[in-house]
Amino acid sequence: MMEHIRTPKVEQVRLLDRSSGQRKAAVGTLYLSATHTIFVENNPETRKETWILHSMVSSVERPPPSPVGSQLLLRSKDFRVFQLLIPNERDCLDLHASLTRLSKPEKYSELYCMSFNPNVNKEEREESWSFIDLMEDYKRMGVPNNLWVCTMANSEYRICDTYSSELFVPKSATPAVIVGSSRFRSRGRFPVLSYFHQDTLAAVCRCSQPLSGFSGRCTEDEMMLQAIMKSNPGSEYIYVVDTRPKLNAMANKAAGKGYENEDHYTNIKLQFIGIENIHVMRSSQQKIIDVGELRAPSMTDFLWGLENSGWLKHIKAVLDAGAFIARAVADEGVSVLVHCSDGWDRTAQACSVASVLLDPFYRTIKGLMVLIERDWVSFGHKFSHRYGHLDTDPKEVSPVIDQFLECVWQLSEQFPCAFEFNESFLTQIHLHIYSSQYGTFLGNCQKERRDMRLCERSHSVWPQLWKERAQFLNPLYKAELTQSQGILRPNTSPFCFKMWKGLYNRTERPTQAPVDLLSAVRAESQQLEEELTNHEERIAALSGRPITWEKIDVPRRKINQSYLRFCGPDPPTIYHYPITSSDPDRAHKLCHVPANQTPPLQVRGHNPDDFSDLESGVADFSRSSSGCDYSKDQNVNGFNSTEGLIGAH
Amino acid sequence: MEFAELIKTPRVDGVVLHRPFLPTVEGTLCLTGHHLILSSRQDNTEELWLLHSNIDAIEKRFVGSLGSIIVKCKDLRIIKLDIPGMDECLNIASSIEALSTLDSVSLMYPFFYRPMFEVIEDGWNTFRPADAFKDLESMTDEWRLSDVNKDFSICLSYAPLVAVPKDIDDETLRKVATFRHGGRFPVLSYYHKKNGMVMMRAGQPLTGTSGRRCKEDEKLINATLRPGKRGYIIDTRTVNVAQQAKAKGGGFESEANYPQWRRIHKAIERSNVLQESLIKLVEACNDQTHSMDRWLSKLEASNWQTHVKEILTTACLAAQCIDREGASVLVHGTEGTDSTLQVTSLAQIILDPASRTIRGFQNLVEREWLQAGHPFQVRCSQSAYSNTKSRQEAPVFLLFLDCVWQILRQFPCSFEFNESFLVLLFEHAYASQFGTFLGNCAADRVKLGLLEKTVSLWSWVNRQQELERLTNPLYEANSLVIWPSVAPQSLLLWEGVFLRWNRSSKCLDEAYEEMVHIIEYNKELQSKVNTLRRQLAQLETEDPLLQSP
């Protein structure tokens, strides 16, 4: 990749990273490495570094130059925006060309995970890939048993190259039925087990759409569905959940695909859910990103933008699908077969949301990893296509798993004690799905990953996240509470859905998050517990057997300090401080300055009796306090007039 | 008038009560002068006691001989009573209607209520202007307490004692009062200890179309300026509205007559617009059949969140002028009893850490709302289910509480009280057994004899068991100014009020308890460790071996 770097180092660059709550541009030096853009602040006290992984860059724009220099706008795949001001236009052009190429790898071998080498040996790397053991999870949910068995029909990916090689099917499904059914299903994705609910013996199964067209039928496929029903002794029918809008499903008939004809399949109940396709979701997400980036919107702008994006509507549809499945399985004890078109996007969403609702295990840190590994990775969700790991067809890109993660987040807002992990676990997973720093999410199915020999050439992300789990713990999680046990029954009324600011609007996040504070308190309590034990031991020792011990000195974090961190700082004294963390990832977490630090009032120079001008006092304030005051005009590319950037010097 | 005349059927058996998120109850319905009571005949008696004054509207429905009354409460709850018998149902309905719309204040429940608790501290004496002034005196000698309004002759809506600049005598005040709407001459609202700047409030100046001026008014407000310093006048109305007010004799301070002041116009809506907004918002929240699109568009169309944003923005502006610009501020709208008070009280929440304590917030409500003459009686006579438009009711105080909640949510550790306290104030402002929110101003309260005849809400709140419930476990005194974000993304719908009866809060309550537990466990540990430390220290000094290692 080095050959794409034209200018490895540019000095006197100004960087504004608004997503970390920054208001003023920092001056520093920009370096290009094979993998990262690195910005080092000149400020000798902080020398703050910002690292931007090339593969995280979603777009490199070059707005028109301003008198003070040329601009570069980097948008990242986790929806952050970095504004750069480069003194020399030549440098800017070089950077633009380099970054454009570097951010669009053409081959897997160019990806970061292939060169990323954490400090572990070969054994550890190999072990990292066995950290999540799906067979163990199937065992945990009680399969194989006398209803469900593991089939070898797909070993060596013989009948479906996008499935994993180990799959669970009803015991009564013979190899002939499996093969026959797979021939009647889009891309050979025949019905298999996703989740088995031990309490009711009902199962969640998944597949792709049948190749029924207008009148086609397949005895083996019908037998397969019958077998699924029989594997649930108590029930007389199964639900077939088609997660597509009915109209889309009908349109597929013309292409020889479609949905199950209820006349051909006995004892099925067909249910359409109406989750839109990947293209609708792609453009919807772009719209909600735009809403998050709105500069000084009015309430009407914001709410209208939210409505117009349709994003929350789609999130609700996904959650509704999961809730329907969970209710069927848990309350009615009826098995459900879920599919969409190919059975790797909406199906993955609906099945995994249902699992989160049905089983408390999937609400733990380890459990969510297992769930993503099963319903997404092993069942052939096309990660590399959906998340644009390589410079391929942009029409294949779509935020499918983003929506699953957001559903989990929305649920955690309704059930604050039910999840072992916090919001940053979700955003961290989101980051790694896009970053290609680890091999876990590379490729589009298990076969591809095997062919690439990813296990040998890269590392798995899960052990790393597990190692860091302390920072992902939800302090409110309590397994004993009723909301943490058994089934979650979410309210899916529209008013229960909120914009996920942790992802789409980082600049306006609340400055004092109670969960962060509680984590600090719990950490302190833990220390106190240790201290307590130590003291007790010592007192016992002292009063009984006077030995001269070293005084046990438990480093004591003053609670007042941790409280203060989350208490509103006085803006005039703290606001202009640079962010003192040198760790780019922690920068925005440490910055707890209220997002709306207001600059001095813009009312000077008004003639109060000049009515036409008077209202601008209003506008200035509302703009300045909306979290994007650094630019006094509402021009996003406002380097020309940004007081902040120029004034910082 | 006797209540008995209004109660045609005092008692009906076999009534079924439907409430949100609770099982239905069958029991006996009783009507008293002030309450609707439903008591199940089970041993573990479950009872509903509903103040008639909490009832905003009722609807009757009949299916055969079974009648239903849908009772819509001012706290936004909706309950349904199934009453066997057409006559009984009609009688009950007409009684409720009559009893919930009594005209005479002195027939209200607070005049009949006798506290079932021991009053430790009489809330009527807890916050007296004289005491507040003592605090002020300790900080500055530039102000004095004037009793020019002692018989409410100068200004009907002011308290008998008000703080004014020291150099302004009562005679001047009398003249100024004639120049300000409702006689509301500029008085001190808040003194910013940090830099000695002040916030004042008043009614609009009565300049009229002729541009009348009042030298005394100019003198009064100029007396609050430091030499060479300028002040800001924040007019809560848009320029156009302020202009139009001239035609009705009102107006604003012109640049020519007030050269030392900069005037800024903001756009806080008037009460009838706010009432309309509340009705629309609650309607949107109560319809659970909405699609996402429809919900968002109705939320937007209600404009409620826009009002929250406007009010907060104006308050931030006032706070910014004082704290960041080092300038004094005068706030007024038209009457100076609604939007003005929203702004001055919220600015104090931002600036003054004391107003973020439980007692300090009571003090704030007492000073900036009750004694400042917010007409609670008329504003809170109806809530979101009222259909009598064009009256004077308006959720001015509720909007203030909503804004406080927004700041509380953004600074969850800086307030001594929790959300429950705000909800409690909302409830009591609309219907209460206490006299605190009765009447429209101090003069009314004297006339009604509230101090003698009713119990103050503060008497009840300031008791240990109530305080415990209302205390924010995360609170850590924060002496700093807190600047809330007013970006739309940062302002949320106040679920604790508007979705309270539409979604179960069980899981959120559990989370709150868990939070309290985490904090209390930590405190317990700390005190234990401290004890051990002392013990250890003692052992160590007693132990001769330790002295000479």
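All figures in this text were calculated on a predicted structure; none of them were measured in a lab.

The next subject is the state of the cysteines. Residue and element names in this part refer to chain A. Tallied over the entire structure, the rule returns zero disulfides over all chains. Its sulfur unpaired, Cys445 is 8.5 Å from the next cysteine sulfur, which belongs to Cys160. Taking relative accessible area as the criterion, Cys445 reaches 7% and is therefore assigned buried.

Bringing the pattern of salt bridges into the picture now. Residue and element names in this part refer to chain A. Counted according to the given criterion, the structure contains 62 salt bridges over all chains. The residue Arg450 makes a salt bridge to Glu156 at a minimum N-O spacing of 3.2 Å. Here Arg450, found in helix α16 (residues 446-451), pairs with Glu156, found in the loop between β8 (148-151) and β9 (167-170); they are 294 residues apart in sequence, far enough to count as distant. What makes Glu156 exposed here is its relative accessible area of 55%. Members of the salt-bridge network, linked through shared partners, are Asp137, Arg140, Arg206, Asp359, Arg374 and Asp375.

Residues and elements named next belong to chain B. Taken together, the side chains of Phe62, Met86 and Leu90 define a hydrophobic patch exposed on the protein surface, amounting to about 240 Å² of accessible area. On the secondary structure map, Phe62 appears in strand β5 (residues 55-63). For Phe62, a relative accessible area of 34% puts it in the partly exposed group.

All right, on to the sheet that holds strand β5 (residues 57-61) of chain A then. Residues and elements named next belong to chain A. Strand order in the open sheet formed by seven strands is β4-β3-β2-β1-β7-β6-β5, with antiparallel pairing between adjacent strands. Each having just a single partner strand, β4 (49-53) and β5 make up the two edges of the open sheet. Each neighbouring strand pair of the sheet contributes to a mean axis angle of 30°, computed without reference to strand direction. Where β5 and strand β6 (residues 70-76) come together, four bridges link them in antiparallel fashion. Note that in β6 the partner of Ser59 across the bridge is Arg75.

This part is about the packing of aromatic side chains. Throughout the structure, instances matching the rule amount to 45 aromatic pairs over all chains. Every member of this aromatic cluster is reached through a ring pair, and the members are Phe361(B), Trp369(B), Phe376(B), Phe397(B), Phe400(B), Phe415(B), Phe417(B), Phe421(B) and Phe437(B). Here Lys366(A) stacks its cationic end above the ring of Trp466(A), 5.7 Å away from the centre of that ring. Lying across the ring of Trp466(A), Arg469(A) places its NZ or CZ 4.2 Å from the centre.

Cut-off values and rules
Residues numbered from 1 in each chain as written. Chains lettered and ligands numbered in written order. Predicted model: local features only at pLDDT ≥ 70, side-chain atom pairs only at ≥ 80, totals over all residues. Heavy atoms only, no water. Disulfide = S-S within 2.5 Å. Buried < 20%, exposed > 50% of the residue type's maximum accessible area, 1.4 Å probe, protein only. Salt bridge = Lys/Arg side-chain N within 4 Å of Asp/Glu carboxyl O. Helix = DSSP H or I, 4+ residues; strand = E, 2+ residues; numbered from the N terminus. Patch = residues over 30% accessible without salt bridge, like charges linked within 9 Å, V, L, I, M, F, W, Y side chains within 5 Å. Areas by Shrake-Rupley, 256 points an atom, 1.4 Å probe, with all protein chains shown as cover. Pairing = 2+ DSSP bridges. Axes fitted to C-alpha atoms, helices over the stretch in contact; angles between N-to-C directions. Phe/Tyr/Trp six-rings, centres within 6.5 Å; stacked < 30°, edge-to-face > 60°. Lys NZ or Arg CZ within 6 Å of the ring centre and 35° of its normal.

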